[in-house]
Amino acid sequence: MRYIFIVLTVLSLSACSQWGVKPWERSVLAKPEMALDNAPLTSALDDHIYFSKEASSGGRGFGGGGCGCN
Amino acid sequence: MKKHQKITLALATATCSLIGGLPNAQAEISPDYGDWDVNAALLFYSEADRVKAIEPVISAKKQIDTDETVSLKLVLDSLTGASANGAVSTNIAQTFTRPSGNGTYTTSANETPLDDTFHDTRVAVSASWEMPLSRMDKLVLGGNISNEYDYTSIGVSSLFSRDINERNTTLSAGLSFASDSISPEGGTPNPFSEMLPAGDAGYSATRVDTSESKTTIDVLFGITQVIDKNSLLQFNYSFSQADGYLTDPFKVISVVDATTGIPIDYVTGVAIVPGTTLSQVVYENRPDSRTKHSMFTQYKRNFSGDVFDISYRYMFDDWEINSHTVDFKYRLKTSETTFWQPHVRFYQQSEAEFYKPYYLSGSQPTAGSKTEFATADYRLGEMNTMTLGIEYGHVYEDHGWSFAAEYYLQTSTEPDNKVGELNNQELSPDVDAFMLRFNYDF
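Since the model is a prediction, treat every value here as computed from it, not as a measurement.

A.B. asks: Describe the overall build of chain A, naming the residues involved and giving the relevant values.
C.D. replies: For chain A, the count of helices and strands is 2 helices and 0 strands. Considering chain A as a whole, with its 70 residues, one finds that 37% of them fall into the buried category.

Below is the structure:
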């Protein structure tokens, strides 16, 4: 699985040279709901629940410690 | 000489006027950065017969200069209820000693043993400072402190990012460090020592220390790429190294009769009978280090106002756990100010190499063994989970709110080759939870 991921990453990055927009084409991307983490409080609450109920954490950001729940 | 004095005087005058003039000049060009931007959320989490939590969060962010902000966040987390202690269920009621060594709790026949002494309130405070280093470079520094009855955590983090390729690509690199300490009720147990009857004089001999600690270092590398005017993509790789006390001091492993599968009686050394004072269980022990690798990718696309958001994470570690997580949200714009957002999340993990749901009598390690590892904590077993949710929100120019309801289901895989009565028992029953969340942006 990890090799598929790496291959996909490399292929995607090689396509980066074709991607991108000019500054005046950013009106949609600039909308708050298009931020990668547009609801950080919700993400933090979700991360805390899953951190305490499952064996994985982090990915989007730091996994860290911070709780005696796991 | 005279000419030199004149030049010196002129320079001094110019310097003074510059210094004197700076505050005014700055005040004139300084924009009004406004008040604190405050967001709040309230989460209710409820598992049937198990943990219940109420978690209010408030965060505030203020712009202090061009592209420079400070943020503060306060989280309260109030937990009550019961959690699985790791022991197996059986067809006879079982009694266990509370973690303090004083008092007992009894689990009915055919029920998963749950320790109902579980209650805690956590307070967490965090702060971050985002600053520009140059036109294309940014640094975010953060710190957090979290405290609960038996657990304290202090952490710091830094995240550097650079925009390249006409700001269509952002490269980021981060480092975080956390130091945690745990002081469990009754102290930390000796690995694989037996749980003793309540009030037993030998209780302290089963304890190693009053507190333990661990450190966690995380390293993160990321790349975010704008694809076109409606979509973007992110890849992250993160590495996490935890060292120290990673065992759960409250979790135990049952010792069962090798033929009947019924837990052994602590006193008689044979299978328990109704009215037995204590089932034989031993305290778990996990390795004192864990190295995790995570790869995360997220794709986000705008479809005429609707937002499609999907992410995938692959995690593997040196405990031989690997996991896959897919998270999907679709934000459906129903008017200029309202939206609905369905949410689906699937998670699958393999079991830790030392996952051990029970011991057959006589096969348990010697008390105090530090070279053997075992846990019956179902959270380190093979598991699938699913989350289904829906959120409804209003977004206005200067404020907004949303309400979300979610259902979470954990399905664990039963162990192979169960013996005797264990075949009639579901050792890892499904756990489900309801969540309600209210967000308000002031």
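Continuing now.
A.B. asks: I'd love a proper account of the overall build of chain B, names of residues and values included.
C.D. replies: When its secondary structure is counted, chain B shows 1 helix and 25 strands. Computed over C-alpha atoms, the radius of gyration of chain B comes to 28 Å, more than 25% over the 22 Å expected from 2.2 N^0.38 for 442 residues, which places it beyond the range of a compact globule. For chain B, the spread of C-alpha atoms along the principal axes amounts to about 105 × 60 × 35 Å. Residues classed as buried in chain B amount to 36% of the 442 residues present. Residue pairs at least 24 apart in sequence account for 61% of intrachain contacts in chain B once pairs closer than 6 positions are excluded.

A.B. asks: For unusual backbone geometry, give the residues involved together with the corresponding values.
C.D. replies: Residue and element names in this part refer to chain B. With a phi angle near 65 degrees, Phe192 is a residue other than glycine that sits in the positive phi range. Tracing the backbone shows Phe192 in the loop between strand S12 (188-189) and strand S13 (207-209). The phi dihedral of Ser304 falls on the positive side, at around 50 degrees, and the residue is not glycine. With respect to the helices and strands, Ser304 occurs in the loop between strand S18 (289-303) and strand S19 (306-317). Under the C-beta neighbour-count criterion, Ser304 is labelled exposed, with 7 such atoms within 10 Å.

A.B. asks: So what about the interface of chain A and chain B? Which residues, and what values?
C.D. replies: Contact residues are listed per partner, giving 34 residues for chain A and 67 residues for chain B. Here the element with the most residues in the side of chain A that touches chain B is helix H2 (residues 40-53) of chain A; it accounts for 5 residues.

A.B. asks: Now, about the sheet that holds strand S17 (residues 281-283) of chain B: what can you tell me, with residues and values included?
C.D. replies: All names here are of chain B. Pairing is mixed across the open sheet formed by 3 strands, whose spatial order is S17-S16-S22. On the outer flanks of this sheet lie S17 and strand S22 (358-360), each paired with one strand and no other. Across this sheet, the average inter-strand angle for adjacent strands is 30 degrees, counted without regard to direction. Across 3 bridges, the pairing between strand S16 (residues 252-256) and S22 is parallel. Bridge assignment links Val255 to a residue of S22, and that residue is Tyr359.

A.B. asks: So what's going on with the nonpolar core? Residues and values would help.
C.D. replies: Within soluble globular proteins, side chains that are nonpolar tend to cluster in buried spots. Of all hydrophobic cores here, the largest spans 25 residues; its most connected members are Val252, Ile253, Val256, Val281 and Val282 of chain B. Excluding anything up to four places from it in sequence, Val256 of chain B contacts Val88, Gly261, Ile262, Pro263, Ile264, Tyr358, Leu360, Ser361 and Leu422 of chain B. Judged by nonpolar contacts, the second largest core, of 18 residues, contains Leu41, Leu45 and Ile49 of chain A together with Tyr45 of chain B.

A.B. asks: Before we move on, could you go through H2 of chain A and cite the residues and values that matter?
C.D. replies: Helix length check: H2 of chain A (14 residues) gives 20 Å between terminal C-alpha atoms against 20 Å at 1.5 Å per residue, within 8%. Here H2 of chain A has its buried residues at Leu41, Thr42, Ala44, Leu45, Asp46, His48, Ile49, Tyr50 and Lys53 of chain A. The secondary structure elements touched by the buried residues of H2 of chain A are strand S1 (37-47), strand S2 (52-65), strand S24 (400-412) and strand S25 (431-441) of chain B.

A.B. asks: Give me the lowdown on the pairing of strand S6 (residues 104-107) of chain B, citing residues and values where you can.
C.D. replies: Residue and element names in this part refer to chain B. Taken together, the 4 bridges between strand S5 (residues 94-97) and S6 define a ladder with antiparallel strand orientation. When the bridges of S6 are listed, Gln94 appears paired with Thr107. The antiparallel pairing of S5 with S6 creates a hairpin that spans 6 residues between the two strands, and Gly101 there sits at a positive phi of about 90 degrees.

A.B. asks: Would you mind going over the environment of Asn285 of chain B in detail, with residue names and values included?
C.D. replies: All names here are of chain B. Relative to the helices and strands, Asn285 is located in the loop between S17 and S18. Taking the C-alpha atoms as reference points, Asn285 and Ile272, 13 residues apart in sequence, are found 25 Å from one another. With near-sequence residues (within four places) excluded, Asn285 lies in contact with Pro191, Phe192, Thr247, Glu372, Phe373 and Ala374.

A.B. asks: Run through the confidence of the model for chain B, naming residues and quoting values.
C.D. replies: All names here are of chain B. Here chain B averages 89 in pLDDT, while 92% of its residues score no lower than 70. Long-range and interchain partners of residues 1-31, a stretch whose pLDDT sits below 50, account for 0 contacts in this model, where long-range means more than four residues apart. The complex prediction reports pTM at 0.87, with the ipTM value standing at 0.87.

A.B. asks: How would you summarise the environment of Glu284 of chain B if you had to cite specific residues and measurements?
C.D. replies: Residue and element names in this part refer to chain B. You can see Glu284 is positioned in the loop between S17 and S18. Given 24 C-beta atoms within a 10 Å radius, Glu284 is considered buried. Aside from chain neighbours lying at most four places away, what touches Glu284 is Gly86, Thr247, Asp248, Lys251, Val252, Ile253, Ala374, Thr375, Ala376 and Asp377.

A.B. asks: Break down the environment of Val431 of chain B for me, with residues and values.
C.D. replies: Residues and elements named next belong to chain B. Looking at where Val431 falls in the secondary structure, it is placed in strand S25. Here Val431 falls in the buried class, since 23 other C-beta atoms lie within 10 Å of it. In this structure the C-alpha to C-alpha distance between Val431 and Ile154, which are 277 residues apart in sequence, comes to 31 Å. Once residues within four sequence positions are removed from consideration, Val431 is found in contact with Glu47, Arg50 and Gln410.

A.B. asks: An account of the pairing of strand S9 (residues 137-148) of chain B is requested, with residue identities and associated values reported.
C.D. replies: All names here are of chain B. Pairing of strand S8 (residues 120-132) with S9, which is carried by 10 bridges, proceeds in the antiparallel orientation. Note on S9: the bridge partner recorded for Met131 is Leu139. Hairpin connection of S8 to S9: 4 residues between the antiparallel strands. With 12 bridges joining them, S9 and strand S10 (residues 151-164) adopt antiparallel strand pairing. Within S10, the residue paired with Gly142 across the bridge is Ser157. Linking S9 back to S10 in an antiparallel pair, the connection comprises 2 residues.

So, how was this worked out
- Residues numbered from 1 in each chain as written.
- Chains lettered and ligands numbered in written order.
- Predicted model: local features only at pLDDT ≥ 70, side-chain atom pairs only at ≥ 80, totals over all residues.
- Helix = DSSP H or I, 4+ residues; strand = E, 2+ residues; numbered from the N terminus.
- Buried ≥ 20, exposed ≤ 12 C-beta atoms within 10 Å, placed from the backbone.
- Rg over C-alpha atoms; globule rule 2.2 N^0.38 Å.
- Contact = placed C-beta atoms within 7 Å.
- Pairing = 2+ DSSP bridges.
- Axes fitted to C-alpha atoms, helices over the stretch in contact; angles between N-to-C directions.
- Core = buried A, V, L, I, M, F, W, Y, C linked by C-beta atoms within 7 Å.
- Expected span 1.5 Å × (residues − 1).
- pLDDT = per-residue confidence, 0-100.

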